[in-house]
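Spelled out from the first residue to the last, the chains are:
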Amino acid sequence: MGPWLDAFVATFGMIGLGALLRRRLLTDAAVWAGMEKLVFAVLLPALLVSSIGSVNLAALPLGALAGTIWGSLAIGTLLSLGLARLLGHGHATATSVLQGGIRYNNLLAFAVTGAVHGPAGIAFGGIATGLIVPFVQVVITIVFALGGSARPSPWRVLKQMATNPLLQACAAGMVLALLGGPPPGLSGLLRGLSQGSLAVGLLCVGAALTPGALQAQPVTQLLTGVLKLLVMPLIALGLARLLGLEPLGLAVAVLFMAQPTATTAYVQARGMGGDAPLMAAMITTQHLAAVVSLPLWVLLLAR
């Protein structure tokens, strides 16, 4: 449980530090706006290139594991958008409900699977990341692109997908994986930038929080949190059993689906026109709830 506790302490510590810096030291909003752009355009793409580029594509189990993950994400997408519609939300808020419903915290996912299943769990986690990230980014990019137009233009959707730094990073990571991984030198550079993405992204989340942020749209936060932390892993568990996924793959798929939403979802909401304050609130409340829900999922899988 040591790595798991370290991950949570680091997460909440940096969020709290970001809130403190925003109010005491770096009070200029332009500073944080620049940091958010840096994370979205440079640091987070480096994290994706590094993680996906290190995956052995020849070992990808594109059968039951892919079916479990992609099936869970597809069902989660429909449930998230249906929930936003049921609650009467507009497009900006709906995109944040979607991100809160299907994205996951990469840092916590690897920490938990590594602590519970060791190197084999981390290896499967890399495969899961290669399956999750492109699917999620394509879905989110399309949903963002469809906003604000009665008859969305296919060209607009394709253009926004082609210029999305995160999708470009996924493509670059796949190319590097096919070539055997990042070469020496580039690997170290990507690793350094990747570490920066987690730290700076968490600071930006903390800086965006206001005293009343956690009280914003409590019903939406509660229902989205239930969907992400309880319903999504249950869907993954059912699909994994239906498809006959081996025990380790099943455990990793369920644990990845059980993670709270990505802390970088806030940066993407800010960069692409989502409801950023609600996204920041969801990130914090889901991580608080995950302190209880994640150990329960670990215990359930152990049985």
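All of these numbers come straight from a predicted model, not from anything done at the bench.

### What to know about the overall build of the protein
Alright, step 1. Along the protein, the regular secondary structure elements total 12 helices and 0 strands.
Alright, step 2. The C-alpha atoms of the protein give 18 Å as radius of gyration, which agrees with the globular expectation for 303 residues (19 Å, within 12%).
Alright, step 3. C-alpha extents for the protein along the principal axes are approximately 50 × 45 × 45 Å.
Alright, step 4. Partitioning the contacts of the protein with sequence separation of at least 6, the portion at a separation of at least 24 is 83%.
Alright, step 5. Carbon and sulfur atoms make up 71% of the accessible area of the protein, which totals about 13,000 Å².
Alright, step 6. Looking at charge distribution, the protein has the averaged site of its 14 positive side-chain charges lying 8 Å from that of its 5 negative ones.

### What to know about the pattern of salt bridges
Alright, step 1. Enumeration according to the criterion identifies 1 salt bridge in this entry.
Alright, step 2. A salt bridge links Glu36 to Arg270, with the shortest nitrogen-to-oxygen separation between them at 3.0 Å. Separated by 234 residues along the polypeptide, Glu36 in helix α2 (residues 29-53) and Arg270 in helix α11 (residues 265-272) bring together distant segments of the chain.

### Some words on a nonpolar patch on the surface
Alright, step 1. A surface patch of nonpolar side chains, amounting to about 620 Å² of accessible area, comprises Leu86, Leu87, Val219, Leu222, Leu223, Val226 and Leu230.
Alright, step 2. Considering each element in turn, the nonpolar patch owes the most residues, 5 residues, to helix α9 (residues 218-243).

### What to know about the packing of aromatic side chains
Alright, step 1. In total, this model carries 1 aromatic pair according to the counting rule given.
Alright, step 2. Note on Tyr104 and Phe256: the rings are 5.3 Å apart at their centroids and 45 degrees apart in plane angle, and the pair reads as tilted. Of this pair, Tyr104 sits in the loop between α4 (91-102) and α5 (106-145) while Phe256 sits in helix α10 (residues 247-257), placing them 152 residues apart in sequence.

### Observations regarding the nonpolar core
Alright, step 1. Counting residues in each nonpolar core, the largest one holds 79 residues, and the members touching the most others are Leu65, Ile69, Leu73, Ile132 and Tyr266.
Alright, step 2. Here Tyr266 is in contact with Glu36, Cys204, Val205, Ala208, Ala276, Met279, Ala280 and Ile283, once residues within four sequence places are set aside.

### Points about the packing of α9 against α10
Helix-helix packing is characterised by the crossing angle of the two axes and by the distance between the axes.
Alright, step 1. Relative orientation of the contacting elements α9 and α10 amounts to 160 degrees, with a least axis distance of 8 Å. As the angle between them shows, α9 and α10 are arranged roughly antiparallel. Handedness of the crossing formed by α9 with α10: right-handed. Contacts from Lys228, Met232, Pro233, Ala236, Leu237, Ala240 and Arg241 in α9 reach Leu250, Ala253, Val254, Phe256 and Met257 in α10.
Alright, step 2. Along the lines of polarity and charge, the residues of the contact of α9 with α10 split into 10 nonpolar, no polar and 2 charged.

### Considerations on the side chain of Arg103
Alright, step 1. Take Arg103: it is sitting in the loop between α4 and α5.
Alright, step 2. Glu36 provides the closest opposite charge to the buried, unpaired Arg103, separated from it by 13 Å.
Alright, step 3. Polar contacts involving the side chain of Arg103 include one to the side chain of Gln99, which spans 2.7 Å.

Basis of the calculations
- Residues numbered from 1 in each chain as written.
- Predicted model: local features only at pLDDT ≥ 70, side-chain atom pairs only at ≥ 80, totals over all residues.
- Heavy atoms only, no water.
- Helix = DSSP H or I, 4+ residues; strand = E, 2+ residues; numbered from the N terminus.
- Rg over C-alpha atoms; globule rule 2.2 N^0.38 Å.
- Contact = heavy atoms within 4.5 Å.
- Areas by Shrake-Rupley, 256 points an atom, 1.4 Å probe, with all protein chains shown as cover.
- Lys, Arg positive; Asp, Glu negative; His and termini not counted.
- Charge placed at Lys NZ, Arg CZ, Asp CG, Glu CD.
- Salt bridge = Lys/Arg side-chain N within 4 Å of Asp/Glu carboxyl O.
- Patch = residues over 30% accessible without salt bridge, like charges linked within 9 Å, V, L, I, M, F, W, Y side chains within 5 Å.
- Phe/Tyr/Trp six-rings, centres within 6.5 Å; stacked < 30°, edge-to-face > 60°.
- Core = buried A, V, L, I, M, F, W, Y, C linked by side-chain atoms within 4.5 Å.
- Buried < 20%, exposed > 50% of the residue type's maximum accessible area, 1.4 Å probe, protein only.
- Axes fitted to C-alpha atoms, helices over the stretch in contact; angles between N-to-C directions.
- Parallel < 35°, antiparallel > 145°, perpendicular 65-115°, else oblique.
- Left-handed = near helix turned anticlockwise from the far one by under 90°.
- Nonpolar A, V, L, I, M, F, W, Y, C, P; charged D, E, K, R; others polar.
- Polar contact = N/O pair within 3.5 Å; in protein donor to acceptor, adjacent residues only side chain to side chain.

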